[in-house]
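Summary of the model geometry
Here is how the chains run, residue by residue.
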Amino acid sequence: MTEKIVKEHFKNVDFLRFLLILLIVMLHGSKASVLPYLLFPTFKHCNVCVDFFFIISGFFLFYSIKNIDTITFAIKRFFRLAPLVWFIVLFTIIASIFIKEETFSLSNTLLRCLLLSNIGFAPSTSGNLRLGVTWFVPVLFWVSIFYFYIYKIFDKKYLNLIIWLIIIFSYALYYSNTNFETGGHTKIIYHFADIGVLRGLAGIGIGYFISELFKSNFLKQCSNKLKFVLTGVEIFSISFLSYYLFFTTKLPGKSGFVYIVVFSILFYLFLSKQGYISKLLEKDYWRELGNASYAIYIIHFPLFRVLHFTLYKHFANFVNSHTLLTFVLQTTFALIVGILVHHLYEIPINRLIKKKILNNSPIVQK
């Protein structure tokens, strides 16, 4: 959700990022904790969109990898990801002052602010204001550092094998311990493996192989006949994912891993830009929406909780009578607030940190 593309900008991937965030917002917005009942039960597998984000993040991590040391990478990564976590923590502190039904837990916050939560160092708790959506951030941070480091120290022939084994064992542990369902980030299995970390290890690992395939120029130049075939694969992949994410609660092939396979194919087709749908979506306006996806993700669920105990509480009859309208309005509201946070906080704070901290750090400047 947060990668800065340095070689080529993939505007159609920005469309994917925004669409995936929209699905996550809709999933959380349809849950009983926000609205009186589960409005769209078929959205239950939209939590796999987070796995898709790990794949996208993995691709851009390796596609845009720079000749810097691991410490420098970690510092830059931390200050890219952490400020929005600090923002949402401050938001929840202020909200808990005015909302009696919600409480703020200081003990649950320190590790979160340091991007140390939800990776097995402490019990995974989200707090009453649902900071649990931030679990993605420390997993992305630490798994990215791990992959960056092994990328630097291992030869390619060993690296490919290592990452392949990580993907296989991570997904095997993850799906076999979740009854092959999607989602989850708090469960510790076999006393050491965190479900969320397994999702991150596997997804970013797949992103590595997609980046290697992309660098090999596979499907970069295609005949018109092949382009029609690839367009057909794009249509099938989009239709397949749409059906199993929107219109049924069944798992494709009785395993959430099928989602991963189909999305990886679709993602690569979008990167190659040889199909007509991926070309059609190469529009400038997706770039802004894609860049705001991280802010939308961080803010949306705590925002829903505040709405639940303020407006929804005082207008309960309207909410109960117009559930679908409420759902649409709250989704739109979350997107607008997320975009505003991106422009009014995320962009300025990133510029300030770069100017005052990163540019003046002797470690980063090495």
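Residues numbered from 1 in each chain as written. Predicted model: local features only at pLDDT ≥ 70, side-chain atom pairs only at ≥ 80, totals over all residues. Heavy atoms only, no water.

Examining unusual backbone geometry
The cut-off we apply is this: Only protein chains enter the accessibility calculation, which uses a 1.4 Å probe. A residue is then buried if its area is under 20% of the maximum for its type, exposed if over 50%, and partly exposed in between.
Not every positive phi belongs to a glycine, and phenylalanine 180 is a case in point at roughly 65 degrees. The backbone of asparagine 217 shows a phi angle near 70 degrees, a positive value even though the residue is not glycine. With relative accessibility at 48%, the residue asparagine 217 sits in the partly exposed group.

Structural notes on the nonpolar core
As a reminder, the rule being used: Put simply, a nonpolar core is a bunch of buried Ala, Val, Leu, Ile, Met, Phe, Trp, Tyr and Cys residues held in one set by side-chain atoms that sit within 4.5 Å of each other. Runs of E in the DSSP output that reach at least two residues are strands. Runs of H or I that reach at least four are helices, and both are numbered from the N terminus.
Phe52, Phe59, Tyr147, Leu241, Phe263, Phe267 and Leu271 are the most contacted members of the largest nonpolar core, which has 113 residues in total. Sorting elements by how many residues they give to this core places helix α2 (residues 49–63) first, with 12 residues.

Let's talk about the packing of helix α1 (residues 11–29) against helix α12 (residues 293–309)
When two helices pack together, you describe them by how their axes are tilted relative to each other and by the distance separating the axes. Under the convention used in this document: Axis geometry follows a simple rule: fit a line to the C-alpha atoms, using only the stretch in contact for helices, then measure angles between N-to-C directions, giving values from 0 to 180 degrees. Relative orientations are named as follows: roughly parallel for angles under 35 degrees, roughly antiparallel for angles over 145 degrees, roughly perpendicular for angles from 65 to 115 degrees, and oblique for any other angle. Residue contacts are defined here by distance: any two heavy atoms, one from each residue, within 4.5 Å place the two residues in contact. Think of it as three bins: nonpolar holds Ala, Val, Leu, Ile, Met, Phe, Trp, Tyr, Cys and Pro, charged holds Asp, Glu, Lys and Arg, and polar takes everything else, Gly as well.
Between α1 and α12, whose axes approach to 10 Å, the crossing angle comes to 10 degrees. Considered as vectors, α1 and α12 are oriented roughly parallel to each other. Residues Arg17, Phe18, Ile21, Ile24, Val25, His28 and Gly29 of α1 lie in contact with α12, whose contacting residues are Ser293, Ile296, Tyr297, His300, Phe301 and Phe304. Of the residues belonging to the contact of α1 with α12, the class tally is 8 nonpolar, 4 polar and 1 charged.

Regarding α2
Just so we agree on the cut-off: Here the expected span of a helix is defined as 1.5 Å times the quantity of residues minus one.
Given a rise of 1.5 Å per residue, 15 residues ought to cover 21 Å, and the 21 Å separating the end C-alpha atoms of α2 matches this to within 8%. Most of α2 is tucked away, with 15 of its 15 residues classed as buried.

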